[in-house]
Amino acid sequence: MMISIKSGREIELMRQTCALASRTLEYIEPFVKPGVSTEELNKLCHDYILENNAYPSPLNYHGFPKSVCTSLNEVICHGIPSKKDVLKDGDILNIDVTTYLNKFHGDTNKTFLVGNVSDEVRKLVDVTYQCMREGINQVRPGGHIGDIGAVIQEIAHGYGYSVVEDYCGHGIGREFHEEPQVVHIGKKGTGPEMKPGMTFTIEPMINLGTKYSKVLKDGWTVLTKDGKWSAQFEHTILVTESGHEILTLRQEENATF
Ligand code: MF3
Ligand code: CO
Ligand code: CO
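Residues numbered from 1 in each chain as written. Chains lettered and ligands numbered in written order. Predicted model: local features only at pLDDT ≥ 70, side-chain atom pairs only at ≥ 80, totals over all residues. Heavy atoms only, no water.

Caption draft 1: Looking closely at the pairing of strand β8 (residues 178-182). Sheet analysis places strand β7 (residues 169-171) next to β8, joined by three bridges and oriented antiparallel. Residue His170 lies in a different strand from β8, and its bridge partner there is Gln181. (Pairing = 2+ DSSP bridges. Helix = DSSP H or I, 4+ residues; strand = E, 2+ residues; numbered from the N terminus.)

Caption draft 2: Spotlight on the sheet that holds strand β6 (residues 162-163). Within the open sheet, the three strands sit side by side as β6-β10-β13. Their pairing is antiparallel. The open sheet has two free edges, formed respectively by β6 and β13 (230-232), since each of these has just one partner strand. Looking at chain direction, strand β10 (residues 205-207) and β13 are connected through three bridges and run antiparallel. Following the sheet pairing, Met205 is matched in β13 by Gln232. Its contacts with the sheet put helix α3 (residues 119-137) on β10 and β13, and the angle it makes with β13 is roughly 35°. (Contact = heavy atoms within 4.5 Å. Axes fitted to C-alpha atoms, helices over the stretch in contact; angles between N-to-C directions.)

Caption draft 3: Molecular detail of the coordination of the cobalt ion (ligand 2). The coordination sphere of the cobalt ion (ligand 2) contains the protein donors Asp107 (OD), His170 (NE2), Glu203 (OE) and Glu234 (OE), at a distance range of 2.0 to 2.2 Å. One can describe the donor arrangement at the cobalt ion (ligand 2) as irregular, given that its six donor atoms subtend angles of 51 to 161° at the metal. Mapped onto the sequence, the residues coordinating the cobalt ion (ligand 2) show the spacing D-x62-H-x32-E-x30-E. A gap of 3.3 Å separates the cobalt ion (ligand 2) and the cobalt ion (ligand 3), which Asp107 links by coordinating each metal. Of the two residues, Glu203 sits in the loop between β9 (199-202) and β10 while Glu234 sits in the loop between β13 and β14 (235-239), which places them 31 residues apart along the sequence. A relative accessible area of 7% means that Glu203 is categorised as buried. With a relative accessible area of 0%, Glu234 lands in the buried category. (Donors = N, O, S within 2.8 Å, 3.2 Å for Na, K, Ca; no water. Tetrahedral: all angles 85-135°; square planar, octahedral: opposite > 155°, others 65-115°. Buried < 20%, exposed > 50% of the residue type's maximum accessible area, 1.4 Å probe, protein only.)

Take a look at the structure:
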């Protein structure tokens, strides 16, 4: 069991790759509209990342065929961009961007509302964001990884939603997925202790119905077993001496954190 502690220099490189990942989500936002295909969004993100001298980490990662993950409605995560998936009014689309710059990965995602989304689904998306935010607020030296899942679980279950257990957050740095695993359920005071210099993601997937998932024959697309919709948000977090720094924070979020 080895959780890497990043040096000051490594943290500076993490800040750069993470800033690019968050800028990619800002860049793509105006294109997420009814009528666009997830393949077109993939191409735009791919080109933007390359123009910024970086590489899209998902591309060819264990054989993943595209540059971002696009997860629509009942897709929980790892959706594959496709010409056939054209956005329509009322959809929700998660775009998960991971950049590889200066030999470091930065990982972030956001669930976008497409046009007019039902009140029920809008609430799911709002609560999922709140779950991520309160999970992040648990991050401080001396705390435990289990503190994060404990608050996420409490909030989600309070609204009658379920928390996906089959996929989780992860350490990140020179590798896309490092230790520790950051599960989004749990018990306060359990799991590895958080120490300054650790970097990991918090990325809760919250479902309207069952927590159980299935994988399509394409080997990637993860859907809810009952077909009810799912939302997700993700940030890459640094544990600092005094608490934490959100390395993938977007401009629009400055007010909300
Ligand atoms: N970005 C995803 C995560 O948050 C992982 C995607 S793996 C891929 O961990 F291969 F599907 F791209
Ligand atoms: Co991640
Ligand atoms: Co991600």
